[in-house]
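In case you want the letters, here they are:
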Amino acid sequence: MIRSVVRGVGHYLPERVVPNAWFTSFLDTSDEWIVSRSGIERRHFAAEGQTTSDLAIRAATAALTDAGLQADDIDAIIVATSTPDLTFPATATIVQAGLGMTRGFAFDVQAVCAGFIYGLANADALIVSGQARRVLVIGAETFSRIMNWEDRGTCVLFGDGAGALILERDEGTGTAADRGILATELQSDGRHREILQVSGGVSSSGTTGHLMMAGKEVFRHAVEKLAQATVDVMAKAGVTTDQIDRVVPHQANIRIITRTAQKLGVPMDRVVVTVADHGNTSAASIPLAMSVAHQRGELAPGDLVVTEAIGGGLAWGAVVLRW
Ligand code: UT7
């Protein structure tokens with residue numbers, strides 16, 4: 001049975017670190033509120049002129065180095081982003097050229113904070129169907145560009161960054177003992193699109209727009225849908241909660257992460273948490289967390305990992321993989 005196995009991982013965070021205190025100079029907010037409601041202590045913001053593809057190229061280069069591969073060893077690039085450099089072409093093609101890759105194909109996926117989960121599922125499908133042997137999946141965002149700096153309920157929550165994972169075709173036995181992606185679960189429900197959206201776009205306002213969120217409602221959907229998607233994907237993979245070595249959740253809010261873990265019965269010492277340092281980096285949050293966990297020694301070959309995310313759409317999903 002064909003499996004998509006993790007061959008390399010990497011990330012990049014822009015140099016500028018913005019602590020919670022920065023917001024208190026122009027907003028009625030406090031470090032105490034931000035930490036207690038979200039768990040966020042700081043986030044990184046891209047420099048002026050630094051684009052999503054710049055961050056993605058740095059993360060991809062780190063993943064290629066980790067894998068011991070060259071750009072032309074890759075067959076396909078998928079970039080998950082809601083903050084592309086341009087309306088078109090796909091940011092993935094800008095990354096392709098930036099890496100010096102002269103073959104293969106590249107495209108973007110747009111599923112907001114669930115983008116990396118959608119990217120992984122698409123990459124797995126390309127590998128299993130024989131269309132690609134190695135796929136570079138990147139989550140990259142510059143959410144600082146779509147903040148409404150007058151909305152204290154949202155602008156304190158998001159950050160910029162990029163993470164990348166290289167998946168490679170391998171032969172497995174077809175059991176849960178295999179390395180690689182064991183199961184994927186994708187869901188969306190467009191009836192809830194208005195609780196988390198951007199106020200502009202190409203064919204509506206002709207502007208980029210700003211992020212708007214009904215935080216409490218998103219929170220409620222998040223815990224319930226993430227827990228359910230995780231239960232469903234574990235059933236598909238034929239594994240149980242007690243077998244899971246690591247959960248790598250979307251890093252939106254520490255309260256969502258802990259409540260979802262409680263609902264699943266997973267102790268927090270098995271959950272990767274980076275939200276304090278990165279804030280919510282949307283599609284970049286999971287590969288960033290995976291790369292940081294890999295560096296910290298929290299992810300080792302053979303570990304059974306479940307990863308899950310939810311965001312605008314609403315779109316959500318989960319993946320079980322053996323690292
Ligand atoms: O990644 C995509 C998915 N997104 C998410 O998962 C985010 C989900 N939602 C959340 O994480 C939380 O709902 C928030 C962190 C956004 C907000 O936490 P909350 O506990 O739901 O607070 P709230 O929105 O109910 O606001 C409570 C109070 C309000 O004041 P009143 O009406 O009680 O007087 C807000 O106006 O906190 C106020 N508030 C703030 N106060 C200080 C909102 N933002 C701030 C702020 N500083 N930055």
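Further up the page is the structure itself.
Residues numbered from 1 in each chain as written. Predicted model: local features only at pLDDT ≥ 70, side-chain atom pairs only at ≥ 80, totals over all residues. Heavy atoms only, no water.

S.K.: I keep staring at the overall build of the protein chain and nothing clicks. Help me out?
M.R.: Secondary structure assignment for the protein chain yields 8 helices and 13 strands. What you see for the protein chain is a C-alpha radius of gyration of 18 Å, in line with the 20 Å of a compact globule of 323 residues. Every one of the 323 residues in the protein chain was classed for burial, and the buried ones make up 56%. Residue pairs in contact within the protein chain that sit at least 24 positions apart in sequence constitute 76% of those at least 6 positions apart. (Helix = DSSP H or I, 4+ residues; strand = E, 2+ residues; numbered from the N terminus. Rg over C-alpha atoms; globule rule 2.2 N^0.38 Å. Buried < 20%, exposed > 50% of the residue type's maximum accessible area, 1.4 Å probe, protein only. Contact = heavy atoms within 4.5 Å.)

S.K.: What should I look at first to understand the pattern of salt bridges in this one?
M.R.: It is possible for side chains bearing opposite charge to pair when their charged atoms get close. Counted under the stated rule, the structure contains 12 salt bridges. Two residues, Arg169 and Glu171, come together in a salt bridge whose shortest N-O distance is 3.9 Å. The class of Arg169 is partly exposed, set by a relative accessible area of 31%. The salt bridge involving Asp189 is made with Arg191; its shortest N-O contact spans 2.7 Å. (Salt bridge = Lys/Arg side-chain N within 4 Å of Asp/Glu carboxyl O.)

S.K.: Please explain the packing of aromatic side chains as it appears in this structure.
M.R.: Each aromatic ring pair is specified by the distance between its two centres and by the angle formed by the two planes. By the definition in use, this model includes 8 aromatic pairs. Note on Trp22 and Phe26: the rings are 5.0 Å apart at their centroids and 75 degrees apart in plane angle, and the pair reads as edge-to-face. Taking the centre distance of 6.0 Å and the plane angle of 45 degrees together, the rings of Phe23 and Phe26 count as tilted. What links up through ring pairs into an aromatic cluster is the set Trp22, Phe23, Phe26, Phe45 and Trp149. Lying across the ring of Trp22, Arg16 places its NZ or CZ 5.2 Å from the centre. (Phe/Tyr/Trp six-rings, centres within 6.5 Å; stacked < 30°, edge-to-face > 60°. Lys NZ or Arg CZ within 6 Å of the ring centre and 35° of its normal.)

S.K.: Where do I start with the sheet that holds strand E6 (residues 134-142) in this structure?
M.R.: Hydrogen bonds along the backbone pair up the strands of a sheet, which may run parallel or antiparallel. Pairing within the open sheet is mixed, and its 5 strands lie in the order E1-E7-E6-E4-E5. Two strands in the sheet have a free side with no partner beyond their single neighbour: strand E1 (2-12) and strand E5 (105-109). Pairwise comparison of adjacent strand axes, ignoring direction, gives a mean angle of 20 degrees for this sheet. Each of E1, E6 and strand E7 (160-171) touches helix H2 (residues 52-67); the most contacted strand, E1, lies at about 120 degrees to it. (Pairing = 2+ DSSP bridges. Axes fitted to C-alpha atoms, helices over the stretch in contact; angles between N-to-C directions.)

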